Structures are given as structure tokens and as C-alpha cells.
Amino acid sequence: MNRIDRLFGILILLQSRKYVTAEKIAHQFGMSVRTVYRDMKALGEQGVPISFEQHKGYFIVQGYFLPPISFNSDEANALLLMERFLAGFSDKSIMQHYTTALNKVKAVLRSTQKEKLEHLNEHIKLQLPERLKNDTEHLSLLQNAISAKCIIEIDYKNNKGEVSKREIEPIGLIFYAFSWHLIAWCHLRNEYRDFKVAKIAQLRCTEIPFRKSPHMLVNDYMKLLPVNY
């Protein structure tokens, strides 16, 4: 990657997150932290309003935006391939949003790129077992609840088919043992519980902020999982 492409890539990375550390940038672009410092200085000299906050990282001052970007064929092809995997590793809500986003990508492609992408679309197939075909529409709502840190109410069906109402504080989603699992603090049990998303019959977001704070890290919970796949 030449320096111009790298600087542009750094700008996109900075716009995709609130803060980005020098170490993260170095890892992303395969360079030293010292080179990161030089690149950040170069961006600043070109008028990009970049600031730094101790212990958090670099950020672009609010109000600055890059003009709309275009996608090259390799990037568009990668997104098309991911659409196939989403069919087995997401649910209806995520597929709907991803398809909308992919259509926006297609809209900025050149005519020849669109033709190639449509041709490729007809020649990539993914055969999935029935157990991976998720028929729920919960993942999008759960993502919003996790990011907003708000309590949700669910009707949950256990292995015996019994349904119980739960008020929970969702802290993360983990895909393991070929299923999505919601990790949440359960007010009924007064402990962290693992809810299989496919067994959530009903879901309602209350918009009430979490009452428990702080919560454990999802990475720490993953160490307690019964299987390593």
C-alpha cells in the first residue's frame, strides 16, 4: 500500500470509530507506531482536524466528514461474499439491513462493475444445514439494546417448552455451538444468564437504562462457555 492510500485508509478508520489508538492504526496497516505519528502529522498539515485524548487515542473533530467514497471491485466482491454467510449466521432483521447497505454500495459502482457483480452473484452459492437457517428477527433489536444499554423484556422458552417472562440487561451476543446466544444480567435470577436467541418468543425494548453497573466484559464471560466452538 502506498502512502496516499494508507493516509486515506487511516481517515476512513478514524471516521468509523470514536477513538483509535496509534497501536490499532499500526496493526491495521502493518507499520510502526513511529510511522503512525508521522502520518497523523501529515494529515494535520493537510487541514484534517485530528486531535488526541490521553488513554483513548486519536479522533477527528466533530463536524468533519470525507466526501462520499467509491468502492473498487475487490471490496464489492468481498461484501457480496459476506451476504452468503449472513444467510447462515444472522437472522431476517440483519439480512434486511445488510441487503439495503449492499444496494447502496452497488449504486455507486460503475456500470461495468455492476455487471461483473451481478454475474458473480449468480455463481456463488452456499449450502447450509437446516440448523443454521435462523428464522427469527431479534438480532437487530438486541444490537440496539446492547449499544443503548437499556433493559429489555423477553418471553423465553426453556428446554421443556415452558415460557417465562424475564427482565434483563443485555451485555453481548456470542455465536457458539452453531447458535446465537444473548448474554445478559437477569433480574429474576439475579445473575448473568445465557439465553439462546432462537428460544426468545417475544422481545420488547423498555428504553429504561441499566440498573446494574458495571457489567462484566463479554470476553470474560466467553471463558465460561461450555464448548470452544
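Quick caveat, the model's predicted, so the values are computed rather than measured. (Residues numbered from 1 in each chain as written. Predicted model: local features only at pLDDT ≥ 70, side-chain atom pairs only at ≥ 80, totals over all residues. Heavy atoms only, no water.)

Right, let's get into the packing of aromatic side chains. In the structure shown here, the tally under the stated rule is 7 aromatic pairs. Consider the rings of Phe89 and Phe175, whose centres lie 5.1 Å apart with planes at 65°: the pair is edge-to-face. Here the residue Phe89 occupies a position in helix H4 (residues 73–89), and Phe175 occupies one in strand S4 (residues 163–176), the gap between them amounting to 86 residues. For Phe89, a relative accessible area of 31% corresponds to the partly exposed category. When its relative accessible area of 26% is taken as the criterion, Phe175 is described as partly exposed. Ring geometry for Phe178 versus Tyr229: centroids 5.9 Å apart, planes at 50°, classification tilted. Of this pair, Phe178 sits in the loop between S4 and strand S5 (179–186) while Tyr229 sits in the segment after helix H8 (218–222), and the two are 51 residues apart along the sequence. Given the relative accessible area of 52%, Tyr229 is considered exposed. An aromatic cluster of at least three residues, connected via ring pairs, comprises Phe89, Phe175 and Trp180. One Lys or Arg, Lys212, reaches over the ring of Trp185 and ends 4.6 Å from the middle of that ring. (Phe/Tyr/Trp six-rings, centres within 6.5 Å; stacked < 30°, edge-to-face > 60°. Helix = DSSP H or I, 4+ residues; strand = E, 2+ residues; numbered from the N terminus. Buried < 20%, exposed > 50% of the residue type's maximum accessible area, 1.4 Å probe, protein only. Lys NZ or Arg CZ within 6 Å of the ring centre and 35° of its normal.)

By the definition in use, this model includes 10 salt bridges. The partner of Asp39 in a salt bridge is Arg6, with the nearest N and O atoms 2.6 Å apart. With Asp39 in helix H3 (residues 33–45) and Arg6 in helix H1 (residues 3–16), this residue pair connects regions lying 33 residues apart in the sequence. For Glu118, the salt bridge goes to Lys106, with nearest N and O atoms at 3.7 Å. Of this pair, Glu118 sits in helix H6 (residues 111–121) while Lys106 sits in helix H5 (residues 92–107), and the two are 12 residues apart along the sequence. (Salt bridge = Lys/Arg side-chain N within 4 Å of Asp/Glu carboxyl O.)

Of all 8 residues making up S5, 7 are buried, and the element is well covered by its neighbours. Between S4 and S5, which pair antiparallel and follow one another directly, the connecting turn spans 2 residues, one of which, Ala177, has a positive phi of 50°. In this structure, S5 lies alongside strand S6 (residues 191–196), joined through 6 bridges in antiparallel fashion. Opposite Cys186, over in S6, you have Glu191 as the bridge partner. (Pairing = 2+ DSSP bridges.)

Let us now look at the sheet that holds S5. Strand order in this open sheet of 5 strands is S6-S5-S4-S3-S7, and the pairing throughout is antiparallel. The open sheet is flanked by S6 and strand S7 (200–209), the only strands paired with a single partner. On average, each strand axis in the sheet is inclined to that of its neighbour by 45°, with strand direction left out of account. Direction of pairing for S4 relative to S5: antiparallel, over a ladder of 8 bridges. Residue pairing in the sheet places Glu169 in a bridge with Trp185 of S5. (Axes fitted to C-alpha atoms, helices over the stretch in contact; angles between N-to-C directions.)

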